[in-house]
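Topology and contacts: notes
Residue-level listing of the chains:
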Amino acid sequence: MAAVMHQKELAITLWRQTWPMAIGVLALLGFQLVDSAFIARLGTAQLAAQSFTFPLSFLIIGIQVGMGIAIAALISRALGAGEESRARRLSSLVLMAGGGVIGILAIALWVFYVPIFQLLGADETTLSYIRIYWAPQLLSAWLGALLYFSYSVFRAHGDTRLPGKMMVLSSLVNLVLDPLLIFGVGDWEGWGLPGAAWATAIAFSVGLLVTTRKLLKRQWAAQQGLWIEAKQSWRPFAGIAAPAMVSQLMPPLAAMLAISVVAGLGESEVAAWGLASRLETLSLMVILAMTMSLPPWLGRCYGAGDWGQIQQLMRLAVKVALVWQLGLGILLALGAPWLAMALAGNPDVQTELTLLIRFLLPSYAALGICMLVVSAGNALGWPLRAMLLSSARLFICYLPCLWLGSQFFGWWGLAAGAAVGNLLAGLMAWQVMRRILSRPHRQAGFVN
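Everything in this summary refers to the structure shown in the same document. (Residues numbered from 1 in each chain as written. Predicted model: local features only at pLDDT ≥ 70, side-chain atom pairs only at ≥ 80, totals over all residues. Heavy atoms only, no water.)

Structural notes on the overall build of the chain
The number of helices and strands found in the chain is 15 helices and 0 strands. Buried residues in the chain amount to 58% of all 448 residues. If you take every contact in the chain between residues at least 6 apart in sequence, the share linking residues at least 24 apart comes to 81%. Counting every atom, the chain has about 18,600 Å² of accessible surface; 67% of that belongs to carbon and sulfur. (Helix = DSSP H or I, 4+ residues; strand = E, 2+ residues; numbered from the N terminus. Buried < 20%, exposed > 50% of the residue type's maximum accessible area, 1.4 Å probe, protein only. Contact = heavy atoms within 4.5 Å. Areas by Shrake-Rupley, 256 points an atom, 1.4 Å probe, with all protein chains shown as cover.)

Listed below in structure tokens is the structure:
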């Protein structure tokens, strides 16, 4: 009976930690999907141009997430061990160092964007649209990274409500500005494709102003002792951040390879793939929220040596992911034609997007399990295993199945191959988690 009550308490706490982030993720990813839906009204060429930028945008996000995972793990462990002053120093370090790293990366991606996009398969027409869109998009990516680092500090302290609220606020600002800056108002015709990036940049700036003020008010960031802390913490930070960043960089690398395969099938296929990528992240909102709310909790348990609670949390998270994601995937697959019609104006893009939704959305239940195991691995001292699992998911399961399907059956085969790759990755992650959590010295604290 006590074990049952403990499970209920864990479920309630997990819900309280996750739902604000889920709403925030829904709002944040929803406005990205809204961006793509508005851009689709400009034309297939503009939508294809935006789709080509996704892999490089994911590259920036991968690095910022890797750094955020490491700092959230270190801060949560410090708090679990009662080292609050160290936690404040770590908060300041990630905001300064993270902003510098992402800024340098953004500059490099601007300098070399022409050969990069040509390598991905963009033609001259597509490059002409990318040229006017890429600079404001990189600025918005940098501002978004700074905002994400501040979210990581709040999550490490167990506060998921403020990041969730800020995601909703920035989404609303973007939603209001998108049609104004893209299509204009009155006699002003707007900025077209770059307007979407400028709307996002302004929205992130608003969120950053609010979170910075809150951080200073709560005194979660220190101004002294940073150099000494940097010398002491860079090794454990690198030990978590390096594998985590490599793990997070695998998806954008895989996305680059995938878009190069899709580009060989045609412009409408690239446009449909870009919309499906936006829809993928939106449909995974609960999983993404748990990958944000769960690791700090696991990190505090890790710092306190409570492996019994860690085991229960992981099993509960996997059950939630499987039930929720499979149910949502089936529901969206049934409504695929209407969903595609709402997102895409071109009939060809609608047809191709419908096929992707029917194959991919249900398979995200397995993908969600893999994402949770990778996220937990970084928080629990298994960063290398997490990196290897993420790499295997993409380069052993996902990409080979996608490429083989496209070679033998074209667009239909590509969609089916991607779904099969997700299923294989989920099964592999499940086996890895069972093997790690079943070790005798980690079962000792488990409450039956």
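There is more to say after this.
Some thoughts on the layout of surface pockets
If you add up the space inside the second largest pocket, you get close to 240 Å³. Only α3 (84-111), α5 (124-156) and α7 (193-218) provide two or more residues apiece to the lining of the second largest pocket. Among the elements that take part in the lining of the second largest pocket, α7 stands out by supplying 4 residues, more than any other. Residue composition of the lining of the second largest pocket, by class: 9 nonpolar, 4 polar and no charged. (1 Å grid on protein atoms, 1.4 Å probe; cavity = no way out; pocket = protein on both sides within 12 Å on 5 of 7 lines; lining within 4 Å. Points joined across faces, edges and corners; volume = space filled by probe spheres on them. Nonpolar A, V, L, I, M, F, W, Y, C, P; charged D, E, K, R; others polar.)

Looking at the packing of aromatic side chains
Within this structure, the stated rule accounts for 9 aromatic pairs. Seen from their ring centres, Phe38 and Phe183 are 6.0 Å apart, and the 70 degrees between their planes marks the pair as edge-to-face. Note that Phe38 is positioned in helix α1 (residues 2-42) and Phe183 in helix α6 (residues 161-183), a separation of 145 residues in sequence. Look at Phe117 and Trp134: their rings are 5.4 Å apart centre to centre, the planes differ by 85 degrees, and that puts the pair in the edge-to-face class. With Phe117 in helix α4 (residues 113-120) and Trp134 in helix α5, the pair connects residues that are 17 residues apart, well separated along the chain. (Phe/Tyr/Trp six-rings, centres within 6.5 Å; stacked < 30°, edge-to-face > 60°.)

Notes on the environment of Ile228
Mapping Ile228 onto the fold places it in helix α8 (residues 226-263). Along the backbone, Ile228 and Arg89 are 139 residues apart, and their C-alpha atoms lie at a distance of 9.6 Å.

Details of a positive patch on the surface
A contiguous patch of positive charge on the surface is contributed by Arg16, Arg161, Lys165, Arg213, Lys214 and Lys217. A total of 3 residues in the positive patch trace back to one element, the largest contributor, which is α7. By the secondary structure assignment, Lys214 is in helix α7. Given the relative accessible area of 31%, Lys214 is considered partly exposed. (Patch = residues over 30% accessible without salt bridge, like charges linked within 9 Å, V, L, I, M, F, W, Y side chains within 5 Å. Salt bridge = Lys/Arg side-chain N within 4 Å of Asp/Glu carboxyl O. Lys, Arg positive; Asp, Glu negative; His and termini not counted. Charge placed at Lys NZ, Arg CZ, Asp CG, Glu CD.)

Some details on helix α9 (residues 267-283)
When the terminal C-alpha atoms of α9 are compared, their 24 Å separation across 17 residues agrees well with the 24 Å that a helix rising 1.5 Å per residue should span. Counting buried positions along α9 gives 15 out of 17 residues, so the element sits mostly inside the fold. (Expected span 1.5 Å × (residues − 1).)

Considerations on the nonpolar core
If you look at the biggest cluster of nonpolar residues, it comprises 129 residues, and the most contacted ones within it are Phe117, Trp273 and Leu356. Per-element tally for this core: the top contributor is helix α14 (residues 383-437), with 18 residues. Discounting residues that sit within four places of it in the chain, Phe117 has contacts with Phe52, Thr53, Leu56, Ala122, Leu127, Ile130 and Trp134. The next biggest cluster of nonpolar side chains, apart from the first, holds 5 residues, and it includes Val173, Leu177, Ala199 and Ala203. (Core = buried A, V, L, I, M, F, W, Y, C linked by side-chain atoms within 4.5 Å.)

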